[in-house]
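# Observations on the model geometry
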Amino acid sequence: MVPLQIVLVDDHRLFRSGIASLINKFPEYKILFEAGDGEELMRKLTPKLQPDIILLDINMPKKDGIATAKWIRETYPDIKIIVLSMFEDADKVLQMVKIGVKGYILKDAEPVEFEKALQKVSEGEVYYPEFVTRHLIQSFNNQLESVKLNTREIEFLKLAGSELTYKEIADQMCISARTVDGYRDQLFEKLQIKSRVGLVLYAIKNKLIDL
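These notes cover the structure that comes with them. (Residues numbered from 1 in each chain as written. Predicted model: local features only at pLDDT ≥ 70, side-chain atom pairs only at ≥ 80, totals over all residues. Heavy atoms only, no water.)

Right, let's get into the packing of aromatic side chains. Summed over the entire model, instances satisfying the criterion amount to 4 aromatic pairs. With centroids separated by 6.2 Å and ring planes inclined at 15°, the aromatic side chains of Phe156 and Tyr166 adopt a geometry described as stacked. Here the residue Phe156 occupies a position in helix α7 (residues 151-160), and Tyr166 occupies one in helix α8 (residues 166-173), the gap between them amounting to 10 residues. The partly exposed category is assigned to Tyr166, whose relative accessible area is 22%. These aromatic residues form a ring-pair network of at least three members: Phe156, Tyr166 and Tyr183. One cation-aromatic arrangement involves Lys107 over Phe15; the distance from NZ or CZ to the ring centre is 4.5 Å. Between Arg184 and the ring centre of Tyr166, over which it is positioned, the NZ or CZ distance is 5.3 Å. (Phe/Tyr/Trp six-rings, centres within 6.5 Å; stacked < 30°, edge-to-face > 60°. Helix = DSSP H or I, 4+ residues; strand = E, 2+ residues; numbered from the N terminus. Buried < 20%, exposed > 50% of the residue type's maximum accessible area, 1.4 Å probe, protein only. Lys NZ or Arg CZ within 6 Å of the ring centre and 35° of its normal.)

Given below as structure tokens:
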């Protein structure tokens with residue numbers, strides 16, 4: 001079995017050395033090279049010299065982890081990124097997830113967790129610890145709470161929670177079926193919802209519909 005190739009990007013040499021020693025104990029993985037910051041990584045990466053996974057620190061001089069992750073995703077989209085960080089900062093976590101990193105792990109994590117993250121990501125999955133999931137859920141809830149709906153959208157939402165068909169909703173609202181479709185699609189986009197069931201659940205949660 002050919003080991004998966006790993007690149008380690010962190011400005012602390014002692015930490016890099018420790019992580020490299022740990023990875024060398026796993027027969028499935030091999031360090032391709034190391035870099036002290038994003039700029040050094042950019043100089044070293046080439047189409048012929050690119051790893052399967054990049055382990056990326058967030059706080060680095062010259063070019064930080066967020067800017068570096070964006071560049072990797074744009075230039076080498078097939079490379080998987082796992083973030084290494086000392087912090088659970090919600091803003092940075094959400095930025096990295098939106099960029100498309102496949103894993104996020106704290107630097108003081110146990111070796112077994114580190115190995116699990118490598119395994120999950122190398123198999124095409126994602127590895128997000130509980131605190132990342134918590135930040136994502138909170139962000140989603142905040143997004144829903146910040147959405148402003150107009151009177152007609154609220155009226156449509158209430159009717160969407162009934163047994164009426166879309167055509168019957170159009171008749172009740174004295175509008176065309178096409179306009180109803182417009183309200184539906186507009187709400188799908190605003191609320192990041194993909195089905196009528198999702199609209200109903202949103203309406204229930206926000207007390208627009210009484211059960």
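So much for the structure itself; the text now carries on.
Glancing now at helix α5 (residues 111-122). With 12 residues, α5 extends 16 Å between its outermost C-alpha atoms, agreeing within 8% with the 16 Å of an ideal straight helix rising 1.5 Å per residue. When we look at burial in α5, the residues that qualify are Phe114, Ala117, Leu118 and Val121. Down the axis of α5, the buried set is contained in an arc of 95°. They therefore lie on one face. In this structure, the buried side of α5 is in contact with β1 (4-9), α1 (13-23), β2 (29-35), β3 (53-57), β4 (80-85) and β5 (103-106). At the C-terminal side of α5, Gly124 shows a positive phi close to 90°. (Expected span 1.5 Å × (residues − 1). Arc of directions from axis to C-beta. Contact = heavy atoms within 4.5 Å.)

Strand pairing in a sheet takes place through backbone hydrogen bonds and is either antiparallel or parallel in direction. Taken in spatial order, the 5 strands line up as β2-β1-β3-β4-β5 in an open sheet, and their pairing is parallel. At either end of the open sheet lies a strand with only one pairing partner, and these are β2 and β5. Each strand axis lies, on average, 25° off the axis of its neighbour in the sheet, ignoring direction. When β3 meets β4, the two strands line up parallel, connected through 5 bridges. Bridge pairing in β4 links Ile54 to Ile81. α1 rests against β1, β2, β3 and β4 of the sheet, and its axis sits at about 165° to β2. (Pairing = 2+ DSSP bridges. Axes fitted to C-alpha atoms, helices over the stretch in contact; angles between N-to-C directions.)

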